[in-house]
Amino acid sequence: MPDSPVVSDTALTGGCLCGGVRFELTEPPLTAGYCHCTRCQRRTGTAASAQARIDGRTLRLLRGEELLKAWRHPEGGHEKLFCGECGAHLFSRDPEDHAQMSVRMGAFDGDPIIRPSWRSFVAYAAPWEPIPDDGLQRFSEAKPRPQPA
Ligand SMILES: [Zn+2]
Ligand SMILES: [Zn+2]
């Protein structure tokens, strides 16, 4: 039997659908939540997008940098990074501050441990899927960013 690859207990790994892009986080995500904005609805084809906020400096691309494409909205907002080969959405990033990033939770291989604890842009929630009464913190617009210490 071949030796199984050594996987660090703390490394959070993930990738895109075709496997061309692979990444790992050196630190756990900071927080996680659902975004109900209309851009996320269009981007994902679903009612909301689950994403984990990370410090972008803890993200290591293991392979596939050449496949990563970024969509930049002309009116601003975060860049949306996805695999140009399979179309899987992976990250969002503040174009002015790459430390401000999110990972799409569906991109993680295993259990990222963190759980969504808030819902943002609920004012724009899809009419066809009522927001569940799950007690998560709700923001009608963006979730305010924690002020830097
Ligand atoms: Zn891919
Ligand atoms: Zn959104």
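Quick notes on the rules
- Residues numbered from 1 in each chain as written.
- Chains lettered and ligands numbered in written order.
- Predicted model: local features only at pLDDT ≥ 70, side-chain atom pairs only at ≥ 80, totals over all residues.
- Buried ≥ 20, exposed ≤ 12 C-beta atoms within 10 Å, placed from the backbone.
- Helix = DSSP H or I, 4+ residues; strand = E, 2+ residues; numbered from the N terminus.
- Pairing = 2+ DSSP bridges.
- Axes fitted to C-alpha atoms, helices over the stretch in contact; angles between N-to-C directions.
- Core = buried A, V, L, I, M, F, W, Y, C linked by C-beta atoms within 7 Å.
- Contact = placed C-beta atoms within 7 Å.

Further remarks concern the pairing of strand β7 (residues 79–83). Burial runs high along β7: 4 of the 5 residues are buried. With 4 bridges joining them, β7 and strand β8 (residues 89–94) adopt antiparallel strand pairing. Each bridged residue has a counterpart across the sheet, and for Leu81 the counterpart in β8 is Phe91. Linking two consecutive strands that pair antiparallel, namely β7 and β8, is a turn of 5 residues; a positive phi of about 85° is found at Gly87 within it.

Bringing the sheet that holds strand β1 (residues 12–15) into the picture now. Read across the sheet, 3 strands follow the order β1-β2-β5 without closing on themselves; strand pairing throughout is antiparallel. Single-partner strands in this sheet number two, and they are β1 and β5 (59–63). Here the strands of the sheet are splayed against their neighbours by 25° on average, with no regard to which way each runs. Where strand β2 (residues 22–25) lies against β5, 4 bridges are found, and the strand directions are antiparallel. The partner of Leu25 across the bridge, within β5, is Leu59.

A word on the nonpolar core. Generally speaking, nonpolar side chains in soluble globular proteins are found buried as a group. Grouped together as the largest cluster of nonpolar side chains are 18 residues, with contacts concentrated most on Cys16, Ile54, Cys83, Ala88, Leu90 and Val103. For this core, the elements supplying multiple residues, two or more each, are β2, β4 (49–55), β7, β8 and β9 (97–104). The biggest single contributor to this core is β7, with 3 residues. Leave out the neighbours within four places in its chain, and Val103 touches Gly14, Pro29, Gln51, Ala52, Ile54, Leu90 and Phe91.

Despite not being glycine, Ile113 shows a phi value in the positive range, around 70°. Unlike most non-glycine residues, Phe121 shows phi in positive territory, near 55°. With respect to the helices and strands, Phe121 occurs in the loop between β10 (118–120) and β11 (137–138). Judged by local crowding, Phe121 falls into the buried class, with 22 C-beta atoms found within 10 Å.

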